[in-house]
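One letter stands for each residue in the lines below.
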Amino acid sequence: MVYTRDYLPDSSVLNIISKNESIEKEKLSRLILDGRVVIPHNAVRDHPPLAIGEGTRVKVNVNVGTSQDLCDPALEHEKAESAVTNGAHTLMDLSTGGDLPAIRRMVLSFTVPVGTVPIYEAVRRAGNAIDVDADTLFQVIRDHCKEGVDFLTLHCGVNHEVLQSLHLDPRRMGVVSRGGAFHVAMMAAREEENPLWSEFDYLCEILSEYGVVASLGDGMRPGCYEDAVREAKTVEYLNLGRLARSAHEKGIPRMIEGPGHMPLDQIGYNVRMIKELTRNAPLYLLGPLVTDIAAGYDHIAGAIGGAIACRNGANFLCMVSPSEHLALPRVNDIIEGTRAAILAAHIGDLLAKRPDAIGREILMGKARHDLDWEKQFNLALFPETARAIHGRDPGDETCSMCGDLCAVKMVRDLFDSPDEKKGEKS
Ligand code: SF4
């Protein structure tokens, strides 16, 4: 799917997205042509179309994937299923252990857009990061495209200037992005430029052949509070800006990945800077995590940062799980992390003043005033959880929090007109 002036997704795809997102078809077409919206959809696979970017709802990605230490494809399947059931819009397979193509096929069997990070498999094929050469990396990229992956994280912006910044302005945590670290190791050991930077035109040719979205990776994502203001990240932003503009001129759909660990008061200007540099390319964020000391609750730190990021223009949030920094996530971590990200995305939609998101809030307020529990459950982001908590205690019209001293009921019975009361019951 190459977005030139002569080539937009076919009309039926535009119709579906226009309806799902409550956005006029002409406006949607303009946003796609301007590179502000992407539709990750490899022609090889069939799944409902999904738009990411300006004017559309904030989307949520969930990462699954094995490691060498814990390689259980059945567990990864269960995690992917839980993510989608709980509202994830896309999945990324970050596997680094076991039969990588087989695990990828399993993740690709879900009917949502799927992303991968080809450098991970390139490292496995080569044996280690320093032995990855350009041919291996481009071959893996081609293979993933052929198999139907819809978007690829590509750390194209990690070039020698970025490496120099790491030396000139060192960071406490060095490099914490796995893909970023692989590229740094490969470039330093081989004394060569990152092929994804130096051969970006060739990369774009491969992507355009398969209609795959480039997700320009954040290799210099800060790994702690202190590192958010260091130089390497900013140099990489400048590179990503150039690459985003270059890809767009070639008709290659792309989005940008962003930080990482970041104090809350720095999120706004970082997001706006990336947006400006990339001509408003769709922005995909991990977190950002607004504190380093939430271990076990990083999904909450990430949701707070994600909501603020959306306020400033972020479009796509990557789930952070409670096991972030600690271990490979299990199913329950995925459920909790997905839900926290879905909540942040909804807050983002509210901050963007989306009428559908605001309408749901208004209906919830009404249902709470009416003490209409069934409506409240149905309007909640996670109905079954709400229903189960309310159902723990026997009760009639109110809930067990205040029981017969229910403030809502007391004041409503005092002040509501008979007509309103009658209306409530109808
Ligand atoms: S009992 Fe208390 S918490 Fe429950 S609905 Fe009434 S006012 Fe709200």
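Residues numbered from 1 in each chain as written. Predicted model: local features only at pLDDT ≥ 70, side-chain atom pairs only at ≥ 80, totals over all residues. Heavy atoms only, no water.

## Some thoughts on the overall build of the protein
As a reminder of what qualifies: Counting from the N terminus, the helices are the DSSP runs of H or I reaching at least four residues and the strands are the DSSP runs of E reaching at least two. In this setup the radius of gyration rests on C-alpha atoms only. A globule is expected at 2.2 Å times the number of residues raised to 0.38. Throughout, exposure labels follow a simple rule: accessible area from a 1.4 Å probe, protein chains only, divided by the maximum for the residue type, with under 20% read as buried, over 50% as exposed, and the rest as partly exposed. Contacts are assigned to residue pairs with any non-hydrogen atoms lying within 4.5 Å of each other. A 1.4 Å probe and the Shrake-Rupley method give the accessible areas. Residues count as covered only by the protein chains that appear here. Think of it this way: Lys and Arg go in the positive column, Asp and Glu in the negative one, and His and the chain ends go nowhere. To locate a charge, take atom NZ for lysine, CZ for arginine, CG for aspartate or CD for glutamate.
Broken down by element type, the protein carries 19 helices and ten strands. Here the C-alpha atoms of the protein give a radius of gyration of 23 Å, agreeing with the 22 Å that 2.2 N^0.38 yields for 426 residues. For the protein, the spread of C-alpha atoms along the principal axes amounts to about 80 × 50 × 40 Å. Buried positions account for 54% of the 426 residues belonging to the protein. Taking contacts inside the protein between residues at least 6 apart in sequence as the whole, the part at least 24 apart equals 72%. With an accessible surface of roughly 18900 Å², the protein has 55% of that area assigned to carbon and sulfur atoms. Within the protein, one finds 46 positive and 61 negative side-chain charges whose respective centroids are separated by 4 Å.

## Quick word on the sheet that holds strand S5 (residues 114-116)
The line we're drawing: The rule for pairing is simple: two strands pair if DSSP sees at least two bridges between them. Only the stretch in contact is used when a helix axis is fitted, and all axes are lines through C-alpha atoms; the angle between N-to-C directions ranges over 0 to 180 degrees.
Spatially, eight strands are ordered S3-S4-S5-S6-S7-S8-S9-S10 in a closed barrel, and the strand pairing comes out parallel. With strand direction ignored, the average angle separating the axes of adjacent strands in the sheet is 25°. Two strands pair when backbone bridges link them, and strand S3 (residues 59-64) and strand S4 (residues 90-93) are joined in this way by four bridges, in the parallel orientation. Note on S4: the bridge partner recorded for Asn61 is Thr90. The sheet strands contacting helix H3 (residues 73-85) are S3 and S4, and the helix crosses S3 at an angle near 170°.

## Points about the layout of surface pockets
Our working definition: The pocket and cavity definitions rest on a 1 Å grid over protein atoms only: a 1.4 Å probe that fits but cannot leave marks a cavity, an open set with protein on both sides within 12 Å along at least five of seven lines marks a pocket, and residues lining either have an atom within 4 Å of a point. Grid points are joined across faces, edges and corners, and a volume is the space filled by probe spheres set on the points. For this classification, the nonpolar set comprises Ala, Val, Leu, Ile, Met, Phe, Trp, Tyr, Cys and Pro, the charged set comprises Asp, Glu, Lys and Arg, and every other residue, Gly included, is treated as polar.
Taken as a whole, the largest pocket holds about 1000 Å³ of empty space. Considering the residues around the largest pocket, the lining is formed by 43 residues, among which Asn63, Leu94, Arg178, Arg221 and Glu324 are closest to the centre. Counting only elements with at least two residues in the lining of the largest pocket, the list comes to S3, helix H8 (178-190), strand S8 (254-258) and strand S9 (283-286). At three residues, the largest contribution of residues to the lining of the largest pocket is made by S9. For the lining of the largest pocket, the per-class residue count stands at 20 nonpolar, 16 polar and seven charged.

## Side note on the domain arrangement of the protein
Much of the literature gives interface size as the accessible area that the parts lose upon coming together. Here is the rule we go by: These domain limits were set by an automatic method or by a database of domain assignments. Note: buried area is the sum, over both parts, of the accessible area (probe 1.4 Å) each one loses when the two are combined. By definition here, a salt bridge exists when the distance from a side-chain nitrogen of Lys or Arg to a carboxyl oxygen of Asp or Glu is within 4 Å. Contacts described as polar in this section are N or O atom pairs within 3.5 Å, which, within protein, must combine one atom able to donate a hydrogen with one able to accept it, while residues neighboring in sequence count only if both atoms come from side chains.
In terms of domains, the protein is made up of domain 1 (11-352) and domain 2 (356-425). Each of domain 1 and domain 2 has a C-alpha centre, and these two points are 40 Å apart. Facing the nine residues of domain 1 at the interface are seven residues of domain 2. Carbon and sulfur atoms make up 66% of the area that domain 1 and domain 2 hide from each other, which totals about 730 Å². A per-residue breakdown of the area domain 1 buries against domain 2 is headed by Arg339, His346 and Leu350, which together make up 66% of the total. The interface formed by domain 1 and domain 2 includes one salt bridge. The interface formed by domain 1 and domain 2 contains three residue pairs in polar contact (both at pLDDT 80 or more).

## Topic: the packing of aromatic side chains
Rules: For Phe, Tyr and Trp, where Trp contributes only its six-membered ring, two rings pair if their centres lie within 6.5 Å, and the inter-plane angle classes them as stacked under 30 degrees, edge-to-face over 60, or tilted in between.
Per the stated rule, a full pass over the model turns up five aromatic pairs. Taking 4.9 Å as the distance between ring centres and 75° as the angle between the ring planes, the aromatic pair formed by Phe138 and Tyr202 counts as edge-to-face. In this pair, Phe138 is assigned in helix H6 (residues 134-147) and Tyr202 in helix H10 (residues 200-210), connecting sequence segments 64 residues apart. Ring geometry for Phe151 and Tyr284: centres 6.5 Å apart, planes at 80°, overall edge-to-face. Residue Phe151 is located in strand S6 (residues 151-154), and its partner Tyr284 is located in strand S9; the two are separated by 133 residues in the primary sequence. Look at Phe151 and you get buried, because its relative accessible area is 0%. An aromatic cluster is built from Phe151, Tyr284 and Phe316, whose rings are joined through pairwise contacts.

## Focus on empty space enclosed by the protein
Counting across every chain of the model gives four cavities of 30 Å³ or more. Every residue lining the largest cavity is listed: Asp93, Leu94, Ser95, Leu100, Arg104, Thr116, Val117, Tyr120, Glu121 and His144. Where the lining of the largest cavity is concerned, the elements lending two or more residues are helix H4 (100-108) and helix H5 (118-126). Residues of the lining of the largest cavity, tallied by class, amount to four nonpolar, three polar and three charged. Roughly 70 Å³ of volume is contained in the second largest cavity. Every residue lining the second largest cavity is listed: Gly287, His299, Gly302, Ala303, Gly306, Leu317, Cys318, Val320, Gly337, Ala340, Ala341 and Ala344. Across the lining of the second largest cavity, the residue classes break down as seven nonpolar, five polar and no charged.

## Topic: unusual backbone geometry
Note the cis peptide between Pro259 and Gly260, where omega equals 20°. Mapped onto the fold, Gly260 is located in the loop between S8 and helix H12 (264-277). For the peptide bond that leads from Gly287 to Pro288, omega is -5°, which places it in the cis range. Counting through the fold element by element, Pro288 comes out in the loop between S9 and helix H13 (298-311). Not every positive phi belongs to a glycine, and Asn280 is a case in point at roughly 65°. Residue position: Asn280 is located in the loop between H12 and S9. Assessed through its relative accessible area of 25%, Asn280 is described here as partly exposed.

## Overview of H3
Because an α-helix packs 3.6 residues into every turn, residues spaced three or four apart end up facing the same way. For clarity, the cut-off: Helices are assigned an expected span. That span is 1.5 Å times one less than the residue count. Taken from the helix axis, the directions to the C-beta atoms give the arc we talk about.
With 13 residues, H3 should reach 18 Å at 1.5 Å per residue; the first-to-last C-alpha distance of 18 Å fits that figure. Every buried residue of H3 is accounted for by Leu75, Glu76, Lys79, Ala80, Ser82 and Ala83. Seen from one end, H3 has its buried residues packed into an arc of 165°, which puts them on one side. Opposite the buried face of H3, at more than 90 degrees from it, the exposed residues are Ala74 and Thr85. Those residues of H3 hidden inside the fold are in contact with S3, S4, H4 and helix H14 (331-351). Just downstream of H3, Gly87 is the residue with a positive phi angle, here 110°.

## Some details on the confidence of the model for the protein
For clarity, the threshold we go by: The predictor rates its confidence in each residue with pLDDT, a number between 0 and 100.
In the predicted model, the protein carries a mean pLDDT of 94, and the fraction of residues at 70 or more is 96%. Under a pLDDT of 50 for its full length, residues 1-6 has, in the predicted model, 20 contacts with residues more than four places off or in other chains.

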